[in-house]
Amino acid sequence: MTSSKLSKSDFNALSEFRYQMRRFERFSEDVVQAQGITPLQYLLLLHIKGYPERDWATVGELAERLQAKHHGVVALITRCEAMGLVERRHSAIDRRRVEIHLLKQGETILAQLAEQHRVELLSLQGIFTIPQIRHE
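Presented here is a report on the structure given in the accompanying data block. Predicted model only: the values in this text are computed from it and were never measured.

1. Notes on a nonpolar patch on the surface
Residues Leu40, Leu43 and Leu46 make up a contiguous nonpolar surface patch of roughly 210 Å² in combined accessible area. Following the sequence through the fold, Leu40 ends up in helix α2 (residues 39-49). With a relative accessible area of 44%, Leu40 lands in the partly exposed category.

Structure below.
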C-alpha cells in the first residue's frame, strides 16, 4: 500500500492511534519505575504470570513474548533473580528444561502494577481504539 492510497483522515487515525499507544506506554513506564523495576522487568513478570495454562514459562517462550533475543532474556532473568522477583527451576519432567517462576515479591509487585494498568486501560475506553483504515 502506498501513501497515495491513504487519505488525510487515514493518516490522522494512524497518528491518533500511535499517540494514544505511546501515552499508555509512558504511563506504564512511569508507574513501573516508581515501583523500582524497569519496564522490561515488568513485562517479564507479566508474561510469566500470564503464560497460558500454567504459572511459569521457559526462556524461549519469554523471548518470543518479549520479542527479544534469547541471551538478552537470560540476562533480564538473571537481574530479576538477583532482585528476588523470579527463580529458575529445572523441570520435574525434563531436567534439561528450565522453568522461570515468579517469587512472592515478584507476585506482589506485579499485582500492584497490573491493577494500576487495569485502571488506566478502563479510563481509555472509547479513546484508545484501533483505527479503521480503508483498503482500496
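Back to the write-up after that little detour.
2. Observations concerning helix α3 (residues 59-66)
Residues Val59, Glu61, Leu62, Ala63 and Leu66 constitute the buried set of α3. Those residues of α3 hidden inside the fold are in contact with α2, β1 (56-58), α4 (70-82) and β3 (98-102). Within two residues after α3, Gln67 carries a phi angle of roughly 55°, on the positive side.

3. Notes on the packing of α2 against α3
Contact pair α2 / α3: the axes reach a minimum separation of 10 Å and the direction vectors enclose 120°. Taken together, the axes of α2 and α3 lie oblique to each other. The handedness of the crossing between α2 and α3 is right-handed. Contacts from Leu40, Leu43, Leu44, His47 and Ile48 in α2 reach Leu62, Arg65 and Leu66 in α3. When grouped by side-chain class, the residues that make up the contact of α2 with α3 number six nonpolar, one polar and one charged.

Conventions and cut-offs
Residues numbered from 1 in each chain as written. Predicted model: local features only at pLDDT ≥ 70, side-chain atom pairs only at ≥ 80, totals over all residues. Heavy atoms only, no water. Patch = residues over 30% accessible without salt bridge, like charges linked within 9 Å, V, L, I, M, F, W, Y side chains within 5 Å. Areas by Shrake-Rupley, 256 points an atom, 1.4 Å probe, with all protein chains shown as cover. Salt bridge = Lys/Arg side-chain N within 4 Å of Asp/Glu carboxyl O. Helix = DSSP H or I, 4+ residues; strand = E, 2+ residues; numbered from the N terminus. Buried < 20%, exposed > 50% of the residue type's maximum accessible area, 1.4 Å probe, protein only. Contact = heavy atoms within 4.5 Å. Axes fitted to C-alpha atoms, helices over the stretch in contact; angles between N-to-C directions. Parallel < 35°, antiparallel > 145°, perpendicular 65-115°, else oblique. Left-handed = near helix turned anticlockwise from the far one by under 90°. Nonpolar A, V, L, I, M, F, W, Y, C, P; charged D, E, K, R; others polar.

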